[in-house]
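Here is how the chains run, residue by residue.
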Amino acid sequence: MQDITGLSFDELKQVLAKWGQPHFHAQQIFSWIYKKGIIEFDKMSDLSKDLRKHLKENFSICDLELEQLQKSLDGTQKFLFRLKDENFIEAVSIPTKKRLTGCISSQVGCKFACSFCASGLLGFKRNLNCSDIINEVLYLKNNSSGRLVTPLETIEQGKRTGVSLTGLTHIVFMGTGEPLDNYDNVLKAVRIINSDYGLNIGARRITISTCGVIPAIKRFSTEALQIELSVSLHSADDKIRCRLMPVNKIYPLKELILACRQYIEKTKRQLTFEYVMLKGINSHLQDAIKLSKILRELKCKVNLIPFNPVKEGQFHPPDKEEALLFKEQLLKSGINVTLRKPRGQDIEAACGQLRLRYAKK
Ligand code: SAH
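On a predicted model such as this, the values are computed, not experimentally measured, just so you know. (Residues numbered from 1 in each chain as written. Predicted model: local features only at pLDDT ≥ 70, side-chain atom pairs only at ≥ 80, totals over all residues. Heavy atoms only, no water.)

**Q** Please set out the site of the ligand residue by residue, giving values where relevant.
**A** Surrounding the ligand, one finds 19 residues, the nearest of these being Gly177, Ser209, Ser232, His234 and Asn308. Here a nitrogen atom of the ligand and a side-chain polar atom of Glu178 are 3.0 Å apart. At a separation of 2.6 Å, an oxygen atom of the ligand approaches a polar side-chain atom of Ser209. For the shell around the ligand, the secondary-structure elements that each account for two or more residues are β10 (206-210) and β12 (271-277). Classifying every residue of the shell around the ligand gives ten nonpolar, seven polar and two charged. (Near = heavy atom within 4 Å. Polar contact = N/O pair within 3.5 Å; in protein donor to acceptor, adjacent residues only side chain to side chain. Helix = DSSP H or I, 4+ residues; strand = E, 2+ residues; numbered from the N terminus. Nonpolar A, V, L, I, M, F, W, Y, C, P; charged D, E, K, R; others polar.)

**Q** So, the sheet that holds strand β6 (residues 100-103): which residues are in play, and what are the values?
**A** In space, the ten strands of this open sheet follow the order β3-β4-β5-β6-β9-β10-β11-β12-β13-β14, with mixed pairing throughout. Edge positions in the open sheet fall to β3 (65-71) and β14 (336-339), since each of these has one partner strand only. Taking each pair of neighbouring strands and ignoring which way they run, the sheet shows an average axis angle of 20 degrees. Across three bridges, the pairing between strand β9 (residues 170-173) and β10 is parallel. Opposite Ile171, over in β10, you have Ile206 as the bridge partner. Where helix α6 (residues 183-194) meets the sheet, it contacts β9 and β10, and its direction lies at approximately 165 degrees from that of β10. (Pairing = 2+ DSSP bridges. Axes fitted to C-alpha atoms, helices over the stretch in contact; angles between N-to-C directions. Contact = heavy atoms within 4.5 Å.)

**Q** Describe the packing of helix α4 (residues 130-143) against α6, naming the residues involved and giving the relevant values.
**A** To characterise two packed helices, one gives the angle between the axes of the helices and the distance between these axes. The contact between α4 and α6 brings their axes to 8 Å, and the two run at 40 degrees. The orientation of α4 relative to α6 falls into the category oblique. Like other packed secondary-structure pairs, α4 and α6 cross with a definite hand, here right-handed. Two secondary-structure elements touch here, α4 through Cys130, Ile133, Ile134 and Val137 and α6 through Asn185, Val186, Lys188, Ala189, Ile192 and Ile193. Here the residues of the contact of α4 with α6 are counted per class, giving eight nonpolar, one polar and one charged. (Parallel < 35°, antiparallel > 145°, perpendicular 65-115°, else oblique. Left-handed = near helix turned anticlockwise from the far one by under 90°.)

**Q** Give me the side chain of Asn87: which residues, what numbers.
**A** Within the element layout of this structure, Asn87 appears in the loop between β4 (77-82) and β5 (88-95). At a separation of 3.1 Å, a polar atom in the side chain of Asn87 contacts the side chain of Asp85. Once residues lying within four places of it in the same chain are set aside, the contact partners of Asn87 are Phe81, Arg82, Val108, Lys125 and Arg126.

**Q** Could you give an account of the pattern of salt bridges, naming the residues involved and the relevant values?
**A** This structure, assessed with the given rule, holds 17 salt bridges. Across the pair Asp63 and Lys84 runs a salt bridge, and its minimum N-O distance is 3.9 Å. One end of the pair, Asp63, is in the loop between β2 (59-60) and β3; the other, Lys84, is in the loop between β4 and β5, and 21 residues separate them in sequence. According to the relative accessible area criterion, Asp63 is partly exposed, its value standing at 33%. We note a salt bridge from Glu223 to Arg191, for which the minimum N-O separation is 2.9 Å. Taken together, the residues Glu223 in the loop between α7 (214-220) and β11 (228-232) and Arg191 in helix α6 connect sequence positions 32 residues apart. (Salt bridge = Lys/Arg side-chain N within 4 Å of Asp/Glu carboxyl O. Buried < 20%, exposed > 50% of the residue type's maximum accessible area, 1.4 Å probe, protein only.)

**Q** Mind laying out helix α10 (residues 253-267), listing which residues take part and the relevant values?
**A** For α10, which comprises 15 residues, the first-to-last C-alpha distance of 21 Å matches the rise-based estimate of 21 Å (1.5 Å per residue) to within 8%. Against the buried residues of α10 lie α7, β11, α8 (238-244), α9 (247-250), β12 and α11 (285-295). Taken from the residues just after α10, Lys268 is the one with a positive phi, measuring 55 degrees. (Expected span 1.5 Å × (residues − 1).)

**Q** Tell me about the packing of helix α2 (residues 24-35) against α4, and please be specific about residues and values.
**A** Put simply, α2 and α4 touch, their axes get as near as 10 Å, and they point 60 degrees apart. Here α4 runs oblique to α2, going by the angle between their axes. Contact with α2, carried on its side by Ile33, Tyr34 and Lys35, involves Ile134, Leu138 and Lys141 of α4 and no other residues of that element. Of the residues assigned to the contact of α2 with α4, the class counts are four nonpolar, no polar and two charged.

**Q** Could you give an account of the packing of aromatic side chains, naming the residues involved and the relevant values?
**A** Each pair of aromatic rings is reported with the distance of its centres and the angle of its planes. Under the counting rule described, the total for this entry stands at ten aromatic pairs. An angle of 70 degrees between the planes, with centres 5.9 Å apart, marks the rings of Phe79 and Tyr139 as edge-to-face. With Phe79 in strand β4 and Tyr139 in helix α4, the pair connects residues that are 60 residues apart, well separated along the chain. Classification of Tyr139 as buried rests on a relative accessible area of 18%. Of the aromatic side chains, those joined through ring pairs into one cluster are Phe9, Phe30, Tyr34 and Tyr197. Stacked on the ring of Trp32, the Lys or Arg Lys36 has its end atom at 3.9 Å from the ring centre. Over the ring of Phe124 we find Lys111; its NZ or CZ atom is 4.8 Å from the centre of that ring. (Phe/Tyr/Trp six-rings, centres within 6.5 Å; stacked < 30°, edge-to-face > 60°. Lys NZ or Arg CZ within 6 Å of the ring centre and 35° of its normal.)

**Q** Which residues make up the environment of Leu199, and what values go with them?
**A** For Leu199, the position within the fold is in the loop between α6 and β10. Its relative accessible area of 1% is what places Leu199 among the buried residues. Each C-alpha atom, one on Leu199 and one on Lys141, is 9.5 Å from the other, the two residues being 58 residues apart in sequence.

Now the structure itself:
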């Protein structure tokens with residue numbers, strides 16, 4: 001049965017029209033699902049019994065089963081979901097003082113096989129469709145704790161204080177998979193997450209992260225959306241980057257940086273480079289100097305992420321001092337840089353780790 005969360009607002013209106021129902025019901029249904037956190041047709045009390053029956057006969061809602069939930073001492077929560085086809089996907093909620101970020105998967109497994117990342121270890125299974133992606137977001141929105149309150153409390157609070165009614169404040173496509181390799185489904189989901197009728201999360205609070213699929217970056221630059229783009233760089237040296245990220249053999253650094261430059265020029269937007277720091281591989285001062293050279297004069301920001309250890313791998317994070325020196329070097333070159341605190345290490349919150357552990361059992 002099709003999941004209703006795979007329908008855009010216009011598609012739902014078309015379904016209603018086909019059933020001879022007024023299109024304003026689309027707004028009511030979206031409001032129940034996306035604003036009030038209700039995922040049972042029977043509870044949509046302003047719809048006629050007849051329409052509810054029709055909906056139930058034709059659609060499921062948020063058909064996602066929680067297989068396992070892990071809570072980190074720092075408030076990070078990791079959800080492992082079972083899909084209808086028995087595949088597993090994971091999503092993470094990360095609270096900070098002012099944000100609750102949902103880290104969302106875009107594919108079951110990953111084709112790109114970065115050597116330090118757990119996501120590619122089991123190979124690629126399939127793309128997630130729009131409803132799979134939306135269901136991850138809805139589940140996190142309705143069930144994350146930490147700073148988050150339950151949806152109804154959020155609504156009351158929203159009325160009192162005028163704050164956003166959604167629990168999740170930010171969405172990052174930094175879970176398993178390569179979002180730009182599942183372009184249409186991810187973009188359709190992003191539009192629902194972003195739209196007023198849907199989750200109404202501002203475009204600037206939604207980030208798509210890519211390993212550097214150049215044709216998709218070009219296509220993305222033509223979308224009339226203000227979504228943030230992050231590019232996983234991880235090295236300014238082709239040899240090292242090929243070793244870490246096989247995608248570099250197809251889309252090497254020089255072409256990637258050129259595509260990023262064109263993206264920035266075309267969209268007039270800043271771009272973020274993710275840089276996972278791996279001890280003894282890409283986190284020496286020399287690596288920072290090389291990185292500053294290739295990023296010179298680009299309107300960009302660098303996010304340094306100390307490697308989150310994966311038991312299966314041979315990689316380690318750098319010492320704190322080395323990471324700070326690296327950061328200092330970029331700052332000296334006039335590059336906007338942040339050194340991220342690792343989150344959820346006690347629950348193996350890095351990409352693909354929980355799914356991997358689960359599949360091995
Ligand atoms: N395929 C996309 C998005 C998924 S990964 C991409 O490559 O950008 C999101 C980010 O987490 C990427 O920068 C990835 O390199 C990084 N990552 C993967 N495993 C990690 C680990 N164990 N520790 C820290 N970062 C990791």
